[in-house]
Amino acid sequence: MNIDIKSAHGLIPTIIQDSETKNVLMLGYMNEESLQKTLETKKVTFFSRSKQRLWTKGEESGNFLHLVSIKNDCDGDTLLIQAKPEGPTCHTGADTCWQEPNIQEFGFISNLEKTIKTRRENADSEKSYVASLFEKGINKIAQKVGEEAVEVVIEAKDNNDHLFLDESADLLFHYLILLQAKGFQLNDVVNVLKARQK
C-alpha cells in the first residue's frame, strides 16, 4: 500500500464501505498511528479531529467496523476501507452517515422490483401486464414461471443465444413477480444462499 500521509498534512480521508452491500457508510480521517492500529486490531480506528486523539469506531457504542480490506486511490491520498459493520454506523443510530438504510441493492434488478411493486399497487390491470397477473392470482403467476422455465430449458438445448437470453429474461422477470406475490424480494433468496455458504 503506497500511502503518503505526510504530504496529506498528517491526515488522510478514509471512505468506509460495507464489504457486502458495497454501500458507503461514512467518511473519517486516519493518521499513521490510527492506520497501524486498524491493521493490528482489525477494528477501524480513526484520528478524531474533534477529540484530537485516536478513536476506534464503536469504542463507546459497541458498533465496531471490522476490517476486511484497505485500498488506496490512484494518487495515494485517499483510503477505501471495506468493513463489516456491527450495528449502525452513524452516531444518530442510522445505518449510514447519509441516513440511508444499509441494504443490499442489485442495481437494475432492484429498480425492476420497485417497478413491479408500483404496478401491482397503482396500475390499471387493463393497461398493465404486471397488474393483470397479480389480479389473476398466485396460481397464474406460478404457472407463468413454470412456462418460462420450460422455454429456457428448450432454448438451452438449441444454439440460438438470442432466444435463450430472451427466455431467461422472461423467466427472471416472472420469478420476481412470483416472489412479490409470495411477499418476498430477491434479497430474501440471497439471504438463504448466504446462510448455505460454507
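Residues numbered from 1 in each chain as written. Predicted model: local features only at pLDDT ≥ 70, side-chain atom pairs only at ≥ 80, totals over all residues. Heavy atoms only, no water.

### So, helix H5 (residues 161-181)
Consideration 1: With 21 residues, H5 extends 30 Å between its outermost C-alpha atoms, agreeing within 8% with the 30 Å of an ideal straight helix rising 1.5 Å per residue.
Consideration 2: Residues Glu-167, His-174, Leu-176, Ile-177, Leu-178, Leu-179 and Gln-180 constitute the buried set of H5.
Consideration 3: Buried positions along H5 lie against helix H2 (108-122), helix H3 (129-136), helix H4 (138-156) and helix H6 (186-196).
Consideration 4: At the N-terminal boundary of H5, the capping side chain belongs to Asn-160, with an oxygen 3.1 Å from the backbone nitrogen of His-162. (Helix = DSSP H or I, 4+ residues; strand = E, 2+ residues; numbered from the N terminus. Expected span 1.5 Å × (residues − 1). Buried < 20%, exposed > 50% of the residue type's maximum accessible area, 1.4 Å probe, protein only. Contact = heavy atoms within 4.5 Å. Polar contact = N/O pair within 3.5 Å; in protein donor to acceptor, adjacent residues only side chain to side chain.)

### A look at the pairing of strand S5 (residues 65-72)
Consideration 1: Relative to strand S6 (residues 79-85), S5 runs antiparallel, the two being bridged by seven bridges. Its bridge partner being in S6, Leu-67 is matched across the sheet by Ala-83.
Consideration 2: In this antiparallel pair of consecutive strands, S5 and S6, the connection spans six residues, and Gly-76 shows a positive phi of 70°. (Pairing = 2+ DSSP bridges.)

### Looking at the packing of H3 against H5
Consideration 1: At their nearest, the axes of H3 and H5 sit 11 Å apart, and the two run at 45° to each other. Considering their axes alone, H3 and H5 lie oblique with respect to each other. Along this stretch, H3 crosses H5, giving a crossing that reads as right-handed. Residue-level contacts link Tyr-129, Val-130, Leu-133 and Phe-134 of H3 to Phe-173, His-174, Ile-177, Gln-180 and Ala-181 of H5.
Consideration 2: Its residues placed into classes, the contact of H3 with H5 shows seven nonpolar, two polar and no charged. (Axes fitted to C-alpha atoms, helices over the stretch in contact; angles between N-to-C directions. Parallel < 35°, antiparallel > 145°, perpendicular 65-115°, else oblique. Left-handed = near helix turned anticlockwise from the far one by under 90°. Nonpolar A, V, L, I, M, F, W, Y, C, P; charged D, E, K, R; others polar.)

### Here's the deal with the state of the cysteines
Consideration 1: A complete count under the given rule lists zero disulfides for this structure.
Consideration 2: Left without a disulfide partner, Cys-90 is nearest to the cysteine sulfur of Cys-97, which lies 4.1 Å away.
Consideration 3: Using a relative accessible area of 7% as the deciding quantity, one classes Cys-90 as buried.
Consideration 4: Cys-97 gets classed as partly exposed once you look at its relative accessible area, which sits at 35%. (Disulfide = S-S within 2.5 Å.)

### Considering the sheet that holds strand S2 (residues 24-30)
Consideration 1: Pairing in this open sheet of four strands is mixed, and the strands run S2-S1-S6-S5 from one edge to the other. Only two strands of the sheet have a single partner each, and these edge strands are S2 and S5. Neighbour-to-neighbour, the strand axes of the sheet open up by a mean angle of 30°, direction not taken into account.

### Some details on the side chain of Glu-148
Consideration 1: Turning to its location among the elements, Glu-148 is positioned in helix H4.
Consideration 2: You can call Glu-148 buried: its relative accessible area is 5%.

### Side note on unusual backbone geometry
Consideration 1: Residues other than glycine seldom take positive phi values, yet Lys-22 does so here, at roughly 70°.
Consideration 2: Among the structural elements, Lys-22 can be located in the loop between strand S1 (12-18) and S2.
Consideration 3: With a relative accessible area of 42%, Lys-22 lands in the partly exposed category.
Consideration 4: Positive phi, close to 55°, is recorded for Gln-52, a residue that is not glycine.
Consideration 5: Structurally, Gln-52 is set in the loop between strand S3 (45-48) and strand S4 (53-56).
Consideration 6: On the basis of relative accessibility, which here comes to 56%, the residue Gln-52 falls in the exposed class.

### Some words on H3
Consideration 1: Along H3, the positions that sit buried rather than exposed are Val-130, Ala-131, Ser-132, Leu-133 and Phe-134.
Consideration 2: Buried residues belonging to H3 abut H2, H4 and H5.
Consideration 3: The backbone nitrogen of Val-130 has a side-chain oxygen 3.4 Å away, supplied by the residue at the start of H3, namely Ser-128.
Consideration 4: One or two positions beyond H3, positive phi appears at Gly-137, with a value near 100°.

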